[in-house]
Every structure is written in structure tokens, then in C-alpha cells.
Amino acid sequence: MIHSPVLVINSGSSSLKFSVFDMQSGREVLSGLAERLEAPDALLSWRGEGEKQRRKIPDQGHEGALREVHALLDSMGAPVAIGHRVVHGGEAFSGSVVIDEGVIEGIDRCASLAPLHNPANLLGIRAMQRLYPSTPQVAVFDTAFHQTLAPEAYLYPVPIRLYREQGVRRYGFHGTSHQYVAGEAVRRLELDPDDHGLITAHLGNGCSATAVRNGCSVDTTMGMTPLEGLVMGTRSGDVDPGLHEFLAERLGLTLSEITAMLNRESGLLGLSELSNDMRTLADAAASGNDNAQRAIDVFCFRLARHIGALAASLTRVDALVFTGGIGENAVPVREQVLKHLPLFGFECDADLNRHHGDDLGRITTPGSPAALVIPTREEWVIANDAYRLTHH
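Thresholds applied
Residues numbered from 1 in each chain as written. Predicted model: local features only at pLDDT ≥ 70, side-chain atom pairs only at ≥ 80, totals over all residues. Heavy atoms only, no water. Axes fitted to C-alpha atoms, helices over the stretch in contact; angles between N-to-C directions. Helix = DSSP H or I, 4+ residues; strand = E, 2+ residues; numbered from the N terminus. Parallel < 35°, antiparallel > 145°, perpendicular 65-115°, else oblique. Left-handed = near helix turned anticlockwise from the far one by under 90°. Contact = heavy atoms within 4.5 Å. Pairing = 2+ DSSP bridges. Nonpolar A, V, L, I, M, F, W, Y, C, P; charged D, E, K, R; others polar.

## Comments concerning the packing of helix 1 (residues 62–72) against helix 3 (residues 118–131)
Turning to step 1, where the next piece is worked out: At their nearest, the axes of helix 1 and helix 3 sit 10 Å apart, and the two run at 45° to each other. As summarised for this structure, helix 1 and helix 3 are arranged oblique, according to the angle between their axes. In this structure, helix 1 crosses over helix 3, and the sense of that crossing is right-handed. Between helix 1, through His62, Glu63, Leu66, Arg67 and His70, and helix 3, the contact on the second element is made entirely by Leu123, Gly124, Ala127, Met128, Arg130 and Leu131.

What follows is the structure in C-alpha cells.
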């Protein structure tokens, strides 16, 4: 029997993820993915208590896919709340909120800051409102955790009128992941909730790192958009802004073509000319592929450099936390990053690192500052917020 099921929706531009949690046990009882939406080969896959299943849903969009999800939930009973991941909340949203028309308008106003994400998030919200008109729904924002940044951390050194009139500033992303693993690190290491310093590194196809002081984000690597900061799967991270004009003049590319290149053809994929997947690159590098090794080297060095910069916002570093698909699984990446940080005194324990940490997730030697591997639970954070805000 499922107690107080909460449905979590993460609606992307051509795919959507969903999860159902039993809020009494915290157990994820259903999860799935609808991908290649609107295409002839659109596919829905899910896993409940048994084996993974899949079904073709040709040419279905978000609405059709969510109708399929609605049918899957029939046997579980209607959810008591629905939580939606929303990528950009701008300055309007500093926390999760129950969705009403005013919230929807606010999300829509932020769409210019995340044109690939917010409109897709709104599609999911609207569809679920039609399917579950009486169920309360909650928006959980990627940017909200970073609303504690001070002006010196979020302002760009450009004419201040661009901030006043256009909202040009650093916002940060992956907030639910950084918030969760920082809280877990405090719990596992028995740190003082009101007196600690952490650096959290969320490493997946998208990557960002955050300095967390006393439970609050005080600096982060992503900026106005998710393109700033670390090397990612297909995103460049930081580049010289003058690169745009250089490429426009030399190659005749438009601004939108250059931005698309930096978002979709760069990062690990661009450097390696092989793959955006760290697992593929690690295997290739182990087999002697120099391009793959170069991509990994740049990825690790850039991450270490940003970790060093984030430390400027802290009085001390109690722990460095790795999370996300790469952070949780890429053994050589963690080892290489720690080797780049001798000033912090990190000493990687090869055996602990190979096993992804001890009972606490620690991968460093006893005398070393702590580096931990903590699996992220972004969907659980969204479910928890949705339940908390609708059943207080």
C-alpha cells in the first residue's frame, strides 16, 4: 500500500522524467522517462516494483505522454500533490511555491532567461492541471537555493542598468542537488548546521559547483544561464566573451550559431571529438586515446580551479562533496581532481575511492580533509517540498 503518493514531473524540451514517492517511507515506487517526444519513435519506459517496461508512444507530445503516466498511476491512486522541477525562477522565486496563475505568469516571465527549459516546464504544469484539476501542484526551482548569493557574487561587471532593466546577473542552477548533498554532508559528518563550510560538485552532463556556508549558497559556477562555469558534456563552460566576435568574423557564424556550438558541440564532446559521456571517454583514455585523455584532463583541471575559487567565499572547507552521474561513479576523475588541490591537503584513499566511499561516503585518508561521494536525490527534494507545502 502506498501512503500519500506524491508525483514529481521534470518536463524537458523533448523528454520528461517522472517519479512517484511514498511519503511515509520515502520510497520511490515508480520512475520513468518519456523521450523523443513528438517523434515517430517516441518511447515511454518505466520501472515500478518489478522489471523495467517500455511502450512506444509514436508522435505523442508532453500531453500524450502525461496521459500515459496518468494511466500508470491508476493502480496507485491519485497523487496527493504534484511537484514540478522548474529551471529558472529569476529573482521572483527564492523558494518552492504552490502553483497558481500568478506563479505561472512569473515562470513565463522568466522564460527569456531559460528559453529551452521554462516553456517546457510550463507545458508539464498545464498538462497536469488538466489531468488532475483538484490536486495541489508545487514549483521547485533550480535557481532558488542560490538566491542567498550576495551582490558581489551575483553581479556581472557590466553597466548596472542591464541588471536593473533586463535582470542580467548570475543565478546558478542545480539548486535542489546542491541543497540536498550539502545537508547530507552536514548530517553524516555531524557538522554544526549554523557553522560549516562545504563545496559541492554536481557533475553530470550538466556540471556546477557551489560554496555552501552555514546551509546557504554563497557562490556557484553557473551564471545567468547554465552555460557558464565548468566544462560539461556538450557545454563549454567559461570562454572568453571575445570568442563570439572572433568566430563571427573568421567563420561567418551568427550569434545564435555560436551559442548553439557552445551549448551542444563543445565541452567533453568538442574536446574529445568522440563523446560527451565520461564513461566512454574513460574507457577510450585507458585504451590510449589521447583526445579522450585531453578532454578528461581539461575537465578535471577546470573543476579544481573553480573549487579553489569557491573557497574564497568560505572561512574554511569542512568537506568537498562529489555528486551527479560523473561525481558518483567516475573514480579516476575524483582522484585527478583531488591531486590538483594540494593546497587543501586532500589525500585520496585509492581503495575507498574505488568503492565510492566508506559508510559515510568518504574517499580521503583519516588525516586528510574530507572528500565525500553522496548520491543526489533531486526528485526526493521536489517531492518533499511539494508535500510539505500542501500538507502542513
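## Thoughts on the sheet that holds strand 8 (residues 137–141)
Turning to step 1, where the next piece is worked out: A sheet is described by the order of its strands in space; here eight strands give the open sequence 5-4-3-2-1-6-8-7, paired in mixed fashion. Edge positions in the open sheet fall to strand 5 (53–56) and strand 7 (97–98), since each of these has one partner strand only.
Turning to step 2, where the next piece is worked out: Here strand 1 (residues 5–11) runs beside strand 6 (residues 81–86); their pairing, made up of four bridges, is parallel. Among the inter-strand pairings, Val6 is bridged to a residue of strand 6, identified as Ala81.
Turning to step 3, where the next piece is worked out: Lying over the sheet, helix 15 (residues 378–390) contacts strand 1, strand 2 (16–22), strand 6, strand 7 and strand 8, oriented at roughly 130° with respect to strand 6.

## With respect to the packing of helix 10 (residues 278–286) against helix 11 (residues 290–310)
Helix-helix packing is described using two parameters, namely the angle between the two axes and the distance between the axes.
Turning to step 1, where the next piece is worked out: It is the contact of helix 10 with helix 11, at a shortest axis distance of 8 Å, that shows an interaxial angle of 120°. On the basis of the axis angle, helix 10 is oblique to helix 11. The way helix 10 lies across helix 11 gives a crossing that is left-handed. Mapping the contact onto sequence places Met278, Leu281, Ala282, Ala284 and Ala285 in helix 10 and Ala292, Gln293, Ala295, Ile296 and Phe299 in helix 11.
Turning to step 2, where the next piece is worked out: Considered class by class, the residues forming the contact of helix 10 with helix 11 number nine nonpolar, one polar and no charged.

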